[in-house]
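# Secondary and tertiary structure notes
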Amino acid sequence: MRESFPAAQFVDTRQQTEAAEFGIWIFLSTEILFFGGLFLLYSAYRYNFPIGFSAAARRTDIVIGTSNTAILLTSSFAVAWAVAAVAEGQRRLVTLLLGAAVLLGVAFLGLKGLEYSKEFREHLVPGIDFAFPDPHAAGSELFFIFYFIATSLHAVHVIIGIIALAIMAWRVERGDLTARYHNPLMVTGLYWHFVDVIWIFLFALIYLPGRSGP
Amino acid sequence: MSAPRPPRALTGAWLALLALLGLTVTLAYQPLGALNGPLAFTIATIKALVVGIVFMELRQRRPLAIAAAAVGVCWLFVLLWLASTDFTRRTIIHADVRLATSDIRARP
């Protein structure tokens, strides 16, 4: 069913759009602090175990990590283009772009799963099967605890984003979201870009340290 | 009908992001010592700003939305800053405690 625009509680369409925009930014601010706790944990342990962290970071798969970063950046580009295109009423193009973003999100999760299975085979999963041939294994184990918590929480966000983008594609196709009213797509797009930004920092913290070392 | 083209700003931002990704991976393999970490963080911040300003359209949002975004980042820095005063000094505090304890034990 097409929503009435503006909804009853708003004076006009502009006020409704501004409320949606403000609401999602407040939500994203809370998300910054949600991931902020993890970044704090990382900072504290990396400060105390710099060698163990570098040794562990070298064991992550830089090819999968870099590919996944490129995939998320490209999906963000597709979503940003979709938001621009919906404002011009290009319904078919918007559906295609959102579909492409969904597929890229699924590819990201697929590669992440491949990486997890590789780490499991290499005995890098703390609490289940962890063996690290290094005198700094304690720090390395802490790194991998952070790695699995942070990347799995991020993956949950990616899954939610994929579902939301798929719903948006369906709603655009149905004609619910138009050039005049597309607040849900704008809000979903902002969420997807935020998930991308979090990954940009996770990539720098997880895959890059210790690469130039022995 | 001509093929649809993305807005130029979006294409530029996407290509810049991929270039920055290539740059940060290349730099990670250079033996720059203590500079490797800060460089990776700086490039990540630039990438996040590009996504924020262009893809998330912060450049054309109202001040209220920009303030809401900035507040989250601001509180994150407060969290990291205050907490870092603990974990960066903790070893020294432990050493002081040990010293103080040994002083007490040494007393006749």
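Just so it is clear, the model here is predicted, and its values are computed rather than measured.

So, on to the confidence of the model for chain B. Model confidence for chain B is summarised by a mean pLDDT of 87, while 81% of its residues fall at 70 or above. The complex prediction reports pTM at 0.91, with the ipTM value standing at 0.93.

The next thing to look at is the layout of surface pockets. Of the pockets and cavities examined, the largest pocket occupies roughly 1,200 Å³. In terms of lining, the largest pocket is formed by 45 residues, of which the most central are Phe201(A), Phe41(B), Thr45(B), Leu76(B) and Phe77(B). Broken down by secondary-structure element, the contributors of at least two residues to the lining of the largest pocket are helix H1 (13–48) and helix H6 (183–206) of chain A together with helix H1 (8–28), helix H2 (36–55) and helix H3 (63–87) of chain B. The calculated volume of the second largest pocket comes to roughly 240 Å³. Lining the second largest pocket we find 14 residues, and of these Thr17(A), His182(A), Met186(A), Glu57(B) and Arg61(B) sit closest to its centre.

We now examine the interface of chain A and chain B. Facing the 43 residues of chain A at the interface are 44 residues of chain B. Taken together, both faces of the contact between chain A and chain B bury some 3,900 Å²; the carbon and sulfur share is 79%. On inspection of chain A and its partner chain B, the count reaches two salt bridges. Arg62(B) is the partner of Glu18(A) in a salt bridge, and the nearest nitrogen-oxygen pair spans 3.5 Å. Only H1, helix H3 (62–86) and H6 of chain A provide two or more residues apiece to the side of chain A that touches chain B. Tallied by class, residues from the side of chain A that touches chain B come to 27 nonpolar, twelve polar and four charged.

A separate point is H3(B). Look at H3(B): 36 Å from first C-alpha to last across 25 residues, which is about the 36 Å you get at 1.5 Å a residue. Buried within H3(B) we find Ala65(B), Ala68(B), Ala69(B), Gly72(B), Leu76(B), Ser84(B) and Phe87(B).

As a further point, take the packing of H1(A) against H3(B). Contact geometry for H1(A) and H3(B): axes closest at 9 Å, N-to-C directions at 20 degrees. Taken together, the axes of H1(A) and H3(B) lie roughly parallel to each other. Note that H1(A) runs across H3(B); the crossing there is right-handed.

How each quantity is defined
Residues numbered from 1 in each chain as written. Chains lettered and ligands numbered in written order. Predicted model: local features only at pLDDT ≥ 70, side-chain atom pairs only at ≥ 80, totals over all residues. Heavy atoms only, no water. pLDDT = per-residue confidence, 0-100. 1 Å grid on protein atoms, 1.4 Å probe; cavity = no way out; pocket = protein on both sides within 12 Å on 5 of 7 lines; lining within 4 Å. Points joined across faces, edges and corners; volume = space filled by probe spheres on them. Helix = DSSP H or I, 4+ residues; strand = E, 2+ residues; numbered from the N terminus. Contact = heavy atoms within 4.5 Å. Buried area = accessible area lost by both parts, 1.4 Å probe. Salt bridge = Lys/Arg side-chain N within 4 Å of Asp/Glu carboxyl O. Nonpolar A, V, L, I, M, F, W, Y, C, P; charged D, E, K, R; others polar. Expected span 1.5 Å × (residues − 1). Buried < 20%, exposed > 50% of the residue type's maximum accessible area, 1.4 Å probe, protein only. Axes fitted to C-alpha atoms, helices over the stretch in contact; angles between N-to-C directions. Parallel < 35°, antiparallel > 145°, perpendicular 65-115°, else oblique. Left-handed = near helix turned anticlockwise from the far one by under 90°.

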